[in-house]
Structures are given as structure tokens and as C-alpha cells.
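Observations on chain architecture
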Amino acid sequence: SLRDAMHTVFLHHAVPKGLNMSIVNPGGLPRYEDIEPNTRKLAEEVILNKSDDGNHVERFLEFAEKVKNPPAPAPAGPTLKIEKSTPEQQATFLRSLKETVTCEAEHIQPKPGCARVDPCRVEGPQDTQKISQKIIEGKTPTPTEVINYFNAELKKRICFLDGGMGTRIQAERLEEPDYRGDRFKDFNEKDANGVPVSLKGNNDLLIFTKPDMVKDIHKEYFAAGSDICETNTFNGTAISQGEYKMQAVVHEMNKKGAELAKKAAAEVTKEEPHKPRFVAGAVGPTSRTLSVSPSVEDPSFRNVTWDELVASYKEQVSGLVDGGVDMLMIETIFDTQNSKAAIFAVDEYFRETKKEKLPVMLSATIVDNSGRTLSGQTIEAFYVSVKHCNPFTVGINCALGAAQMKGFYKKLADMNTGWCHVYPNAGLPNAMGGYDEDPEIFSTNILDYAKDGLLNFVGGCCGTFPSHIAAVCKKVEECPVRKLPELPKYPEMMLSGLEPCTVNKETGFQWVGERCNLMGSAKFKKLVDAYKWDEAMEVCIAQCEKKADILDFNFDSDLIDGQSAMSKFMKLCVTEPTVAKLPFMIDSSKWHVVEEGLKCVQGKCIVNSISLKPGEEEFLKQAELCMRYGAAVVIMAFDEKGQAATFEDKVRICQRSYRCLRENLDFPPEDIIFDCNVLTIATGLPEHNSYAIDFINAVAEIKRTCPCVSFSGGLSNLSFSFRGLNSLRDAMHTVFLHHAVPKGLNMSIVNPGGLPRYEDIEPNTRKLAEEVILNKSDDGNHVE
């Protein structure tokens with residue numbers, strides 16, 4: 001064992017200098033970091049032939065003699081038995097520990113040009129005459145002009161969307177020749193089975209073959225009172241049009257669809273210049289989903305990738321913007337991950353073109369009275385997952401009628417800090433596929449929302465015609481508009497799986513389950529290395545049953561491809577309801593593996609981790625991507641010089657990281673989690689004795705000076721000197737938490753259900769653990 005340690009230390013220093021092969025027994029050496037610190041130090045001195053006192057050879061020979069001829073074991077001491085608590089008892093104990101440190105510091109403001117803009121709270125002049133003139137001339141108002149107009153208007157009145165384009169087109173009873181027109185009359189493509197492709201039902205194609213009809217429908221809705229009409233481009237992506245073999249015309253389709261709606265807006269605005277009409281580019285969900293498998297046999301199979309969706313959405317956005325839309329409506333979202341891909345595509349398009357970003361409206365659809373999307377999220381979890389994009393409005397459409405939708409919409413309106421919208425169907429579909437609510441019934445149901453002050457924007461979806469919109473406009477005319485809620489000075493972290501998770505003083509300490517981490521569970525590692533995915537899933541389910549609040553996933557291993565393993569397992573996890581309901585922590589030292597995880601999970605995740613170690617430029621690049629994917633992030637206390645070990649270094653590096661994120665990215669402070677490095681104590685080296693108390697004190701100081709942040713730490717490092725003494729290690733971890741949680745530590749990567757409660761630890765053991773963790777005792781001999 002000593003020889004193996006020497007060989008590893010030798011290689012650690014020789015390989016960087018050029019040694020690139022060696023005759024050894026493969027698989028027989030430890031890793032450098034796995035060598036016990038004192039042994040590593042002694043081996044280092046003798047290999048480098050350097051020490052402070054010059055006695056390193058003699059010291060090493062003496063150490064080797066002790067290894068060869070160890071002293072007789074001391075008489076057996078008392079057996080340490082500590083009663084472990086149930087997961088419920090642990091959670092109750094830890095959540096009873098109240099924070100004693102508060103933050104009253106002011107927020108660090110972003111540098112000029114770096115602030116993220118909340119479009120709902122932009123204030124500026126409302127130049128209605130100028131906007132109307134632009135629209136009448138077929139021009140497009142600037143995004144700032146559009147935002148200023150509606151932000152002013154929404155303080156005075158409810159604004160109106162259009163109705164159901166698809167059902168309105170159905171009323172025209174069109175046939176195959178109508179969809180083909182002159183342009184596609186000779187279209188003769190066949191599908192994969194050799195069957196001729198029918199174009200009937202491809203409503204977006206009518207932009208080419210029935211342009212006057214499409215424009216006139218838009219005009220009907222505008223004339224009925226709609227402030228905003230959506231383009232007829234619900235299926236205007238290459239993915240959706242590919243089913244009709246029409247992907248080649250996607251950009252043109254979106255551009256022309258926008259131009260038709262703009263013409264209708266111009267004609268009605270000319271008649272009513274006091275009320276300009278606007279066009280929203282409709283971006284539908286596509287017929288494919290990132291969160292649900294189309295295969296019964298393989299729940300990890302997907303028929304589309306994140307990158308394919310992003311490329312498809314970006315092409316659609318390009319056409320809509322070229323056609324002059326005033327805003328974008330990502331709508332009928334049944335899978336939140338699809339909408340996150342659309343959000344990412346919008347962001348990427350405007351970054352690449354350097355154009356001023358259009359306001360984005362997001363609209364989810366719930367499938368039944370469970371109030372969940374098709375991919376399983378509650379409406380609250382959906383909002384948490386998408387709010388990172390600073391949407392102009394978030395709302396619900398389609399699915400249910402207004403009467404059934406109100407309770408779910410109210411939950412969204414209560415937590416949404418921006419504008420809200422709703423456009424329900426005209427009731428539930430009847431046996432014939434039609435909708436039974438006439439304009440009077442529909443508008444009366446909408447009035448129920450309006451009387452309660454819940455509406456900003458309202459319209460209709462399937463089965464709602466211009467007459468429905470006109471009835472709604474008249475019915476809610478005198479009702480109060482929903483006001484924007486007041487923003488808290490210190491926002492709280494919100495995460496999501498299928499359900500939302502708020503991290504604050506009330507919810508208390510969060511268990512991050514470590515057993516889905518190759519470095520946190522030998523069993524999980526063995527199963528993953530053997531590709532036994534179903535059995536590995538059982539480990540995840542067990543973590544949930546042990547009351548984990550968040551699940552940590554790490555696939556860094558020499559035996560498997562971490563990126564493909566992360567992709568495979570995340571796709572499995574999001575389809576397992578017990579697991580998917582919790583937020584995920586995507587954990588890897590390899591950034592491409594982290595990104596792969598983020599591309600597979602619809603909820604708001606935590607990225608673990610990034611740091612200043614590679615320098616500020618790379619740190620900011622990775623942090624910005626975390627923001628764009630909608631993830632919170634763990635920041636390790638590392639910088640270009642290495643790991644922070646002392647109190648001073650922990651505070652300095654974390655404060656620098658915080659300032660860097662806030663000033664350069666306006667990174668949401670509530671989405672920052674610091675890991676101040678839990679390091680090993682009681683190693684025999686005096687400089688290690690203060691590591692635990694330095695961590696605790698650093699957490700307190702950072703919490704006081706960095707508003708809204710959270711803290712995490714891996715407990716196993718603390719007691720690494722006592723490997724094999726599991727009961728003693730558990731006692732140390734509990735005592736550590738007892739002192740760290742009140743100072744601000746509010747999450748930790750542990751095995752839920754594996755620790756005793758503080759009061760269940762035998763008093764003498766608790767006293768000894770307390771002394772060594774706080775590095776304080778009456779006689780100063782606590783480590784010995």
C-alpha cells in the first residue's frame with residue numbers, strides 16, 4: 001500500500017513534466033486524491049527531496065517501519081451505538097433549526113448595459129398616434145414602443161386577444177383543392193409508407209393558397225375588439241411541416257403569415273387610430289415532445305432532440321420577425337421542455353442578429369382537471385420553469401372551458417410577477433367535436449374572472465369566433481384590471497420538478513439525495529457501469545421515499561460516457577412520476593455533461609457546479625448559459641489560485657463570485673448557491689483543525705453580505721479521517737449541521753434517512769464531536 005501511494009505521487013509530478021507511459025499493473029494504484037493526506041505529504045517530501053526541516057527521509061523510513069510493524073492494538077473501547085432517526089424525524093429536527101443570521105445588505109447593481117429588463121415594468125411614453133401611423137403604413141413599431149403602449153394601457157383596461165383560428169378556418173369547410181391552390185396543385189409527395197401526402201388540414205398552408213381568407217379572418221377578430229391577433233403559423237416549424245413534406249417553405253410561410261396579419265391590423269387601425277392593433281407571431285408546440293417517450297418499450301426514447309427543436313424554432317422566429325410581428329406567442333405548451341427550447345431559440349436568434357428582442361408571451365395548456373400539462377407539471381411548476389426568460393405575459397389557453405380553468409389560472413395569477421393572460425375554449429368539446437358555449441355563455445364565464453380582478457389579457461381558443469370576442473369585450477368593459485404585484489426586496493429561490501419547490505426560511509433545510517451520484521453510492525455506480533438502468537431507477541425512488549427534497553445526479557466515471565449516461569438517465573427520470581416530481585441537481589465536472597442534462601429536464605434544475613478556477617471569462621460564460629437554460633447554480637469556493645480553505649479565502653472568493661455575477665450578468669441572486677468547501681478535520685495536521693468552524697463562520701459572513709443566496713456542502717468530506725467508523729461519522733455530521741444550519745446552510749448532499757438527531761447522540765460523543773467541529777475546548781486537546 002505504501003509503495004502504491006509512492007508510485008501515484010511520483011506519477012502526479014512526473015506526468016505533467018512529460019512522462020507519458022509506464023510499466024505498471026493497470027488498476028492497481030490509488031488516485032492521488034484518495035491517498036490519506038499525511039501519507040501523501042510524507043511521500044511527496046521524499047519524492048521531491050524537499051521539506052522544511054530536511055529530515056524527510058528519516059521521517060519516511062520511521063513511518064514505513066510503523067506501517068510494516070504496526071503497534072499492538074489498544075484494548076477495545078466501548079461500542080458506539082447511536083440511534084438513527086427516521087427521515088421524517090430528521091426533517092423535523094433540521095427544519096426546527098431557525099436561521100439566526102439575516103441579510104440587510106443592499107443588492108449589487110449590474111453595470112450599465114448589463115441589467116436584465118423586466119418588460120412588464122418598463123415605463124416610457126405611450127405614443128399612440130405615432131404607433132398607429134407606423135402600423136397603418138405597414139411598418140413595425142419598435143419593441144420598446146409596443147411594451148410602453150401596453151404597460152400604460154394595462155393600467156387602465158383589460159386588453160384583448162383573438163379567438164380560435166383553427167376552428168374558424170374549419171367553419172369554411174375547405175377541401176383538398178383549397179389547400180393546394182395553384183402553387184401546390186401538382187404536389188405529389190409520399191409518406192414513409194408510400195401513401196400520397198394529403199395537404200388538407202395543414203391550415204398554415206392557406207397563407208399561400210387562401211391569403212385573402214386568412215387576412216379577412218384576422219380582420220374579423222380585430223374588428224370585434226382584439227388588440228392582438230396571432231399569425232396563422234401554429235404549425236410553422238420544419239418539424240411540424242415535415243409531416244406534410246412542406247419544410248422547404250417554412251421561412252416564407254412565417255414571413256407571409258406575419259405580413260397578412262399586419263395588413264389586417266393596418267386596415268382596422270386606420271379605421272380606429274385611437275386603438276392600434278398588433279400582431280403576435282404564433283409559435284406552436286410541434287407534434288413532438290422532449291419529455292414523453294412515444295415508445296411503450298423504451299421510456300428513454302425520444303423522436304426529437306433539444307438541438308433539433310431549437311434549430312426548428314429559430315427558423316420560424318426568423319420568418320416571423322422578417323414579416324414584421326410585434327411580439328411572439330409561444331403557445332399551447334403541453335411540454336415545458338419544448339417551450340424552454342423555443343425560449344432558448346428566441347434568445348439565440350436575437351443574440352445572433354443583434355436586433356432588439358421582441359416581447360415574448362408564454363401560454364401553457366392543461367390536459368384535464370388535475371391542472372397538469374401533458375408532460376405532468378402543475379401550472380405553478382410550469383411558471384417556475386419558464387420565468388427565467390422575463391416573459392411579457394404568462395397564461396393558459398385551450399384545454400378546458402373558462403369555468404373549469406379559473407382555479408388553475410388564479411394559482412398562476414397569484415404567483416406571476418408579470419402580466420397574465422387567459423384564452424380558454426368555448427367549453428369542453430362535445431361528442432361531435434364541436435363547442436357548445438355561445439358568445440353569451442362564454443362571456444359570462446369570463447366575466448367571473450374579470451369581476452375578481454384577475455385579467456390583463458383575455459381572448460378565446462377553440463370554438464371561439466369573432467362574436468365571442470365581441471361579447472367578452474362588451475361584458476368586461478367596466479371591470480378592474482389585474483394589477484402587477486409588488487416585488488419583494490429579497491426574492492426567494494424557486495425550483496421545480498413536476499411540482500414547485502420554494503427554498504426559504506419556512507421550508508427550511510433541503511436534503512439533496514446523494515445516492516444517484518456515482519461518487520455517492522457504490523451500488524448506484526455498479527448498476528450504471530453495468531447499464532442496469534431499471535435497477536438504478538430503484539435507487540432514485542428509494543431516495544424519494546426517504547424524503548429527499550432534491551436529487552443529485554452525477555455520471556462522471558472512467559468506465560462510461562458521462563454525456564450519454566446523463567442523457568439516457570435523465571430521460572428515464574422525467575418519465576417516472578415519483579422521481580420527476582422533485583427538482584434535479586445536474587452534477588458534473590464536465591460542462592458538456594451538465595448541458596446534456598439541462599437539455600433533457602423540463603423543471604428548473606440546479607447546476608453543480610461552476611467556479612472562478614478557469615478564470616472570470618469562462619465562469620461568466622457558464623453562468624450565462626445556466627441563466628438561459630433557466631437553472632440555479634452552485635458556485636464552488638475556488639479561484640484561479642485554487643481551493644479556499646481558510647475563512648478569509650472562502651469569504652473573499654464567494655464575495656468576488658457574487659459581485660462578478662451580479663455586475664456582469666444581473667444573475668438572479670436567489671439562484672446562487674455557494675459551496676464554501678467542507679474540508680476534512682482531525683487529520684493530525686494542525687492547520688486542518690479549524691476547517692469546520694471556518695466553513696460555518698464563512699457561511700454566516702457571506703449570508704450577511706450577499707443578499708438572497710443559499711448554501712450547500714458535502715458532509716462526507718468533514719469526517720473523511722474516520723472512514724469505516726460510520727456511526728461516529730454520522731454523529732459528526734449531525735453536530736455540524738446543528739451549528740451550520742442556523743448560520744445559513746440550507747441544503748446539503750447527504751443520504752436522507754441516514755443521520756441521527758442531535759438529541760439522540762450519546763452526550764459524551766456529542767461533546768467530543770462538538771469540540772472538534774468548533775475547534776474549541778477547555779484544555780485545547782480536543783483533536784487528540
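For the structure itself, look to the data block above.
Within each chain, residues carry numbers counting from 1 in the order of the written sequence. Reporting of local features is limited, given that this is a predicted model, to residues whose pLDDT is at least 70; pairs of side-chain atoms are given and counted only at 80 or more, and all residues count toward the totals for whole chains, interfaces and linings. Note that the side-chain values use all heavy atoms of the structure and ignore hydrogens as well as water.

Secondary structure counts use DSSP, requiring at least four H or I residues in a row for a helix and at least two E residues in a row for a strand, with both numbered from the N terminus. Of the regular secondary structure elements, the chain holds 28 helices and 20 strands. The globule rule used for comparison is 2.2 Å times the number of residues to the exponent 0.38, while the radius of gyration itself is calculated over C-alpha atoms. Against the 2.2 N^0.38 benchmark of 28 Å for 784 residues, the chain shows a C-alpha radius of gyration of 31 Å, consistent with a compact globule. Dimensions of the chain along its principal axes, counting C-alpha atoms only, are 100 × 60 × 50 Å. Only protein chains enter the calculation, and the probe is 1.4 Å; a residue is then buried if its accessible area is under 20% of its type maximum, exposed if over 50%, and partly exposed in between. Buried positions account for 57% of the 784 residues belonging to the chain. Calculation of accessible area relied on Shrake-Rupley with a 1.4 Å probe; when residues are assessed, cover is drawn exclusively from the protein chains displayed. Working note: accessible area of the chain is about 33900 Å², and carbon and sulfur atoms make up 51% of it.

Take the pattern of salt bridges next. One side-chain nitrogen of Lys or Arg within 4 Å of one carboxyl oxygen of Asp or Glu is enough to make a salt bridge. Across all of its chains, the model carries 53 salt bridges by this definition. When salt bridges with common partners are traced through the structure, they connect Lys314, Asp347, Glu348, Arg351, Glu352, Glu624 and Arg628 into a single cluster.

Once that is clear, we can look at the pairing of strand β13 (residues 584–587). Residues Phe584 and Ile586 line one face of β13 and the alternating positions Met585 and Asp587 line the opposite face, and both faces are buried. Two strands make a pair as long as DSSP finds a minimum of two bridges between them. By the bridge criterion, four bridges tie strand β12 (residues 550–554) to β13 in an arrangement that is parallel. Residue pairing across strands places Asp552 opposite Met585, the latter belonging to β13. Seen with the strands pointing away from the viewer, any crossover whose path from the first strand over the helix to the second strand runs clockwise is right-handed. Note that the unit made of β13, helix α23 (residues 591–598) and strand β14 (residues 606–610) has a crossover that is right-handed.

Attention now moves to a nonpolar patch on the surface. Together, Phe10, Val15 and Leu19 line one region of the surface with nonpolar side chains, adding up to about 250 Å² of accessible area. Here Leu19 is to be found in the loop between α1 (2–14) and α2 (37–48). Owing to a relative accessible area of 31%, Leu19 belongs among the partly exposed residues under this scheme. Candidates for patches are residues over 30% relative accessible area with no salt bridge; among them, like charges are joined within 9 Å and nonpolar side chains (Val, Leu, Ile, Met, Phe, Trp, Tyr) within 5 Å.

Looking now at the nonpolar core. Residues enter a nonpolar core if they are buried and are Ala, Val, Leu, Ile, Met, Phe, Trp, Tyr or Cys, with the set joined through side-chain atoms within 4.5 Å. Core analysis: the largest hydrophobic core is formed by 213 residues, its most contacted members being Phe150, Phe553, Phe569, Met570, Phe584 and Phe736. Only heavy atoms matter for contacts: two residues are in contact if any of them lie within 4.5 Å across the pair. In contact with Phe150, not counting residues within four places along its chain, are Cys159, Asp227, Ile228, Phe278, Met327, Phe392 and Phe457. With 15 residues, the next largest nonpolar core counts Met493, Ile550, Ile606 and Met636 among its residues.

With parallel pairing, the eight strands of this open sheet are ordered in space as β19-β18-β15-β14-β13-β12-β11-β20. The sheet is open, and its two edges are formed by β19 (710–712) and β20 (747–750), each paired on a single side. In this sheet, neighbouring strand axes are inclined to one another by 30 degrees on average, regardless of whether the strands run parallel or antiparallel. With four bridges joining them, strand β11 (residues 510–513) and β20 adopt parallel strand pairing. When the sheet's bridge partners are listed, Trp511 is paired in β20 with Ser748. Structural elements are reduced to axes, namely lines fitted to C-alpha atoms, with helices fitted over the stretch in contact, and the angle between N-to-C directions of any two is expressed from 0 to 180 degrees.

What follows concerns the sheet that holds strand β6 (residues 393–401). In space, the eight strands of this open sheet follow the order β1-β8-β7-β6-β5-β4-β3-β2, with parallel pairing throughout. Edge positions in the sheet fall to β1 (159–160) and β2 (228–230), since each of these pairs with one other strand and no more. One ladder, built from two bridges, connects β1 with strand β8 (residues 457–458); its direction is parallel. Bridge assignment links Phe160 to a residue of β8, and that residue is Val458. Strands β1, β2, β3 (278–283), β4 (327–333), β7 (419–425) and β8 of the sheet are contacted by helix α6 (residues 143–153), whose axis makes an angle of about 105 degrees with β3. Where helix α16 (residues 402–415) meets the sheet, it contacts β6 and β7, and its direction lies at approximately 160 degrees from that of β6.

This part is about the environment of Asn664. Summarising the element assignment, Asn664 is placed in helix α25 (residues 647–665). Taking the C-alpha atoms as reference points, Asn664 and Leu620, separated by 44 residues in sequence, lie 7.9 Å from one another. Setting aside chain neighbours within four positions, we find Asn664 in contact with Lys111, Cys114 and Leu620. We define a polar contact as two N or O atoms separated by no more than 3.5 Å, with the added condition that, inside protein, one atom must be a possible hydrogen donor and the other a possible acceptor, whereas residues neighbouring each other in sequence contribute only through side-chain atom pairs. There is a polar contact of 3.2 Å between the side chain of Asn664 and the side chain of Lys111. Of the polar contacts made by the side chain of Asn664, one reaches the backbone oxygen of Cys660; its length is 2.9 Å.

Now for the packing of aromatic side chains. A pair of Phe, Tyr and Trp rings is counted when the ring centres sit within 6.5 Å of each other, with Trp represented by its six-membered ring. The angle between the planes then sorts it: under 30 degrees is stacked, over 60 is edge-to-face, the rest tilted. As enumerated under the stated definition, the model contains 22 aromatic pairs in all. Look at Trp306 and Tyr629: their rings are 5.6 Å apart centre to centre, the planes differ by 40 degrees, and that puts the pair in the tilted class. Taken together, the residues Trp306 in helix α13 (residues 306–322) and Tyr629 in helix α24 (residues 616–629) connect sequence positions 323 residues apart. The ring of Phe344 has Arg628 sitting right over it, with the charged end atom 4.1 Å from the ring centre. Whether a charge lies above a ring is judged from NZ of Lys or CZ of Arg, which has to be within 6 Å of the ring centre and within 35 degrees of the ring normal. Taking NZ or CZ as reference, Arg766 lies 4.9 Å from the ring centre of Tyr758, over its face.

A separate point is empty space enclosed by the protein. Cavities and pockets are found on a 1 Å grid laid over the protein atoms alone: a cavity is a set of points where a 1.4 Å probe fits but cannot escape, a pocket is an open set with protein on both sides within 12 Å along at least five of seven lines, and a lining residue has an atom within 4 Å of such a point. Grid points are joined across faces, edges and corners, and a volume is the space filled by probe spheres set on the points. On inspection of all chains with the given rule, the structure shows four cavities of 30 Å³ or more. Of the voids in this model, the largest cavity is the one considered here, and its volume is about 60 Å³. In this structure, the largest cavity is lined by Gly497, Leu498, Val574, Ala580, Leu582, Phe584, Val601, Gln602 and Gly603. Lining the second largest cavity are Val283, Gly284, Pro285, Tyr313, Ile330, Glu331, Ile333, Phe334, Asp335, Asn338 and Ser339. Of all the secondary structure elements, the ones that give two or more residues to the lining of the second largest cavity are β4 and α14 (336–353). It is β4 that provides the largest number of residues to the lining of the second largest cavity, a total of three residues. By residue class, the composition of the lining of the second largest cavity is six nonpolar, three polar and two charged. Residue classes follow a fixed rule: Ala, Val, Leu, Ile, Met, Phe, Trp, Tyr, Cys and Pro count as nonpolar, while Asp, Glu, Lys and Arg count as charged, and any other residue, Gly among them, counts as polar.

This part takes up the side chain of Asp347. Structurally, Asp347 can be placed in helix α14. Non-local contacts of Asp347, meaning those with residues more than four positions away in its chain, are made with Lys357 and Arg628.

Time to look at helix α20 (residues 533–545). If you check α20, its first and last C-alpha atoms are 19 Å apart, about what 13 residues at 1.5 Å a residue would give, namely 18 Å. Of all the residues in α20, the buried ones are Trp533, Ala536, Met537, Val539, Cys540, Ile541, Gln543 and Cys544. Looking at the packing, one finds that the buried side of α20 touches β11, α19 (522–529), β12, α21 (562–573), α22 (577–580) and β20. Helix span is expected to be 1.5 Å times the residue number reduced by one.

Taken together, Asp534, Glu535, Glu538 and Glu545 make up a surface patch of like negative charges. With respect to the helices and strands, the residue Glu538 is situated in helix α20. His is not counted, nor are the chain ends, whereas Lys and Arg count as positive and Asp and Glu as negative. A charged residue contributes its charge at one atom only: NZ of Lys, CZ of Arg, CG of Asp or CD of Glu.

Between the first and last C-alpha of α1 there are 18 Å, a value that for 13 residues agrees with the 18 Å anticipated at 1.5 Å per step. Turning to α1, its buried residues are Leu2, Ala5, Thr8, Val9 and Ala14. Where α1 is buried, its residues contact α2 and α3 (56–68).

Burial analysis of β7 places seven of its seven residues in the buried class, the great majority of the element. Judged from the seven bridges that link them, β6 and β7 form a sheet pairing that is parallel. If you follow Gly395 over to β7, its bridge partner there is His421. Crossover handedness for the path β6 to α16 to β7: right-handed. For β7 and β8, the ladder comprises two bridges, and the chain directions are parallel. Its bridge partner being in β8, Val422 is matched across the sheet by Val458. Each parallel crossover has a hand, and the one from β7 via helix α17 (residues 439–451) to β8 is right-handed.

Another aspect to go through is the packing of helix α5 (residues 128–136) against helix α12 (residues 250–271). Two numbers describe how α5 lies on α12: the axes approach to 8 Å, and their chain directions differ by 135 degrees. Accordingly, the angle class assigned to the pair α5 and α12 is oblique. α12 is crossed by α5, and the crossing has left-handed handedness. Across the interface between the two elements, Ser132, Ile135 and Ile136 from α5 touch Ala265, Ala266, Thr269 and Lys270 from α12. Residues belonging to the contact of α5 with α12 are distributed by class as follows: four nonpolar, two polar and one charged. Angles are sorted into four bins: roughly parallel if under 35 degrees, roughly antiparallel if over 145, roughly perpendicular if 65 to 115, and oblique for all others. In a left-handed crossing the near helix is turned counterclockwise from the far helix by less than a right angle, and in a right-handed crossing that turn is clockwise.

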